[in-house]
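# A look at the structure
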Amino acid sequence: MDGGGGGGGEHTLLSTEIVNRGVEASGPDAGSLTFSVRVRRRLPDLLQSVNLKYVKLGYHYLINHAIYLLATMPLLAIAFGSLTREEIWDDASCDLASLLGYFSVFVFTAFVYYMSRPRPIYLIDFACYRPSDDLKISKEDFIEQARKSGKFDEDSLEFQSRILKSSGIGDETYIPKAVMSQEKCATMKEGRAEASAVIFGALDELFDKCRVRPKDVGVLVVNCSLFNPTPSLSAMIVNHYKMRGNVLSFNLGGMGCSAGIIALDLARDMLQAGPSASGNLAVVVSTEMVTFNWYHGRNRSMLIPNCFFRMGCSAVLLSNRRRDFRRAKYRLEHLVRTHKGADDRSFRSIYQEEDEERIKGLAISRDVMEVGGQALKANVTTLGPLVLPLSEQLIFFVTLAWRHLVGGGVQAGAGSMKKKLQLYIPDYKLAFEHLCVHAASKGVLDELQKNLGLRDSDMEASRMTLHRFGNTSSSTIWYELAYLEAKELVRCGDRVWQLAFGSGFKCNSAVWRALRRARTPTRSNPWLDCLHRYPVQL
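Now for a quick tour of the structure. Note that the structure is predicted; figures quoted are calculated from it, not measured.

Glancing now at the environment of M464. As for its placement among the helices and strands, M464 is situated in helix α17 (residues 456-469). Note on M464: relative accessible area 4%, which makes it buried. Setting aside chain neighbours within four positions, we find M464 in contact with Y483, W527, Y534, P535, V536 and L538.

Next up on the list: the packing of aromatic side chains. Taken as a whole and judged by the stated rule, the model has 14 aromatic pairs. A centroid spacing of 5.4 Å and a plane angle of 85° characterise the contact between W527 and Y534, whose relative ring orientation is edge-to-face. The exposure class of W527 is buried, given its relative accessible area of 0%. Accessibility expressed as a relative area gives 4% for Y534, which makes it buried.

So, about the pairing of strand β13 (residues 434-437). Of the two faces of β13, both are covered, the one formed by H434 and C436 as well as the one formed by L435 and V437. With four bridges joining them, β13 and strand β14 (residues 495-502) adopt parallel strand pairing. Counted as the bridge partner of H434 is V496 from β14.

This next bit is on helix α7 (residues 154-165). Its twelve residues place the ends of α7 17 Å apart at the C-alpha level, agreeing with the 16 Å of an ideal helix rising 1.5 Å per residue. Within α7, the full set of buried residues consists of S156, L157, F159, Q160, I163 and L164. Looking down the long axis of α7, one finds its buried residues gathered within 160° of arc, a one-sided arrangement. Considering only its buried residues, α7 is in contact with α6 (139-149) and α11 (300-308).

Take the packing of helix α16 (residues 442-452) against α17 next. Here α16 crosses α17 at 170°, and the two axes come no closer than 11 Å. With respect to α17, the element α16 is oriented roughly antiparallel. For the pair formed by α16 and α17, the contact residues are K442, L445, D446, L448 and Q449 on the first element and D456, M459, S462, R463 and L466 on the second. When its residues are assigned to classes, the contact of α16 with α17 shows four nonpolar, two polar and four charged.

Mapped onto the elements, S462 comes out in helix α17. Residue S462 is classed as buried on the basis of its relative accessible area of 0%. For S462, the side chain forms a polar contact with the side chain of E480, separated by 3.4 Å. Not counting residues within four places of it along the chain, the set of residues in contact with S462 comprises L435, C436, V437, A439, L445 and E480.

Cut-off values and rules
- Residues numbered from 1 in each chain as written.
- Predicted model: local features only at pLDDT ≥ 70, side-chain atom pairs only at ≥ 80, totals over all residues.
- Heavy atoms only, no water.
- Helix = DSSP H or I, 4+ residues; strand = E, 2+ residues; numbered from the N terminus.
- Buried < 20%, exposed > 50% of the residue type's maximum accessible area, 1.4 Å probe, protein only.
- Contact = heavy atoms within 4.5 Å.
- Phe/Tyr/Trp six-rings, centres within 6.5 Å; stacked < 30°, edge-to-face > 60°.
- Pairing = 2+ DSSP bridges.
- Expected span 1.5 Å × (residues − 1).
- Arc of directions from axis to C-beta.
- Axes fitted to C-alpha atoms, helices over the stretch in contact; angles between N-to-C directions.
- Parallel < 35°, antiparallel > 145°, perpendicular 65-115°, else oblique.
- Nonpolar A, V, L, I, M, F, W, Y, C, P; charged D, E, K, R; others polar.
- Polar contact = N/O pair within 3.5 Å; in protein donor to acceptor, adjacent residues only side chain to side chain.

Everything listed here is a matter of geometry and, on its own, says nothing about what the molecule does.
Now the structure itself:
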């Protein structure tokens, strides 16, 4: 993509750390200190390069919005193009029929423009499921119960313990009881039991908050990456709530932690798809099943998801009815999706397979930080023209043009000139008031904050969600938005950027505009009982 993937530049994506392993107990080096060098991969520096293809794609999205207005201009040109202003006024003043004709053309043109615009998509409200307190587990209890389950050897337990200590996860996350039992938990029965608990819990809360009947919903989209039973989860919801027979239901599987925004994209398209979509409501359910995907083998790359993934589910109610503007919380402004699956390393960076003992698990590649950075770079570059202030875009284009015009004759060894030609990366803090980044892990959040030049306050919602609820997959960004609302940080007119990434490899963005100020909720918010303790120092 940018010349950074070759062997010569790969060392720049590695960081080293000297680890003191203690005193050697036996052997020829007994009594001496021993050390090891730990090599870590990090996100590629976004300041190094940018792909013009994604800049052009962003402006392509922007121009498409203007086409709806420009398409109506020929009608006015045909009607008035051959007449001067004096001729129009003189003709209209003495001929009532001409006046009515001009007025009709104007009204028709305004009507065509109004009807040809995409329908605005409103977010009426959303709900995040909070499991019961008896499912809470601390990091210490996690390791102790894992040991009692008999599913792991000591090396695997020690590895998971080290991961948990540096994970950024707190001591109040939730896991199903079945995963720590001595019985096999990755069964369809246990998966369906967890799905029923989290999905119906979130939907019951959503329908109660919005005062909407399940039969009023015209579009239902459910995304769950790794648990896909037959009948589908969407069919399970239709059956449970006895939804109407013509509901448009969709079930998205295998699309990773960014699938929540993909589900939003599908729901938006269905709400804007022609006259049949008028006056419709859509529900988007995002979740993941911990029980069905619990790994009890010895492969370390497959043990990592055990340490981060926790129970969670979100349910979102969308509307294309203009009358819902008054009660809606947000309006969807932009949605940008980036898919890097054509690259083999990206495709296999998060991969479901069996280990050497034929135990199914989710393998996390060492390349995941690097390929994630490439997907992130492509996504934010595409999003920039849609959201950045004009001043930031002008500075970006001036430096970009200078770099391409002058930089071609500069040798790679000219360090001072290379520094001068370094591409200006726009300040995305000027485009948004709030940021909800998928809380995959503490390491990912640290690297992303560094690369985008974000403040600690920008990352607060993501870090606190990781600490309190862990990585709940595609629903994580909604727990983060719930945190912002509970803290009364969202005001009318604020822009919220939801950024998620996951297997494939995919990076997706959704931008919302707040239509009213968020008030501290009196009920139905997963942060209510613990909000006074946050933020905490990590």
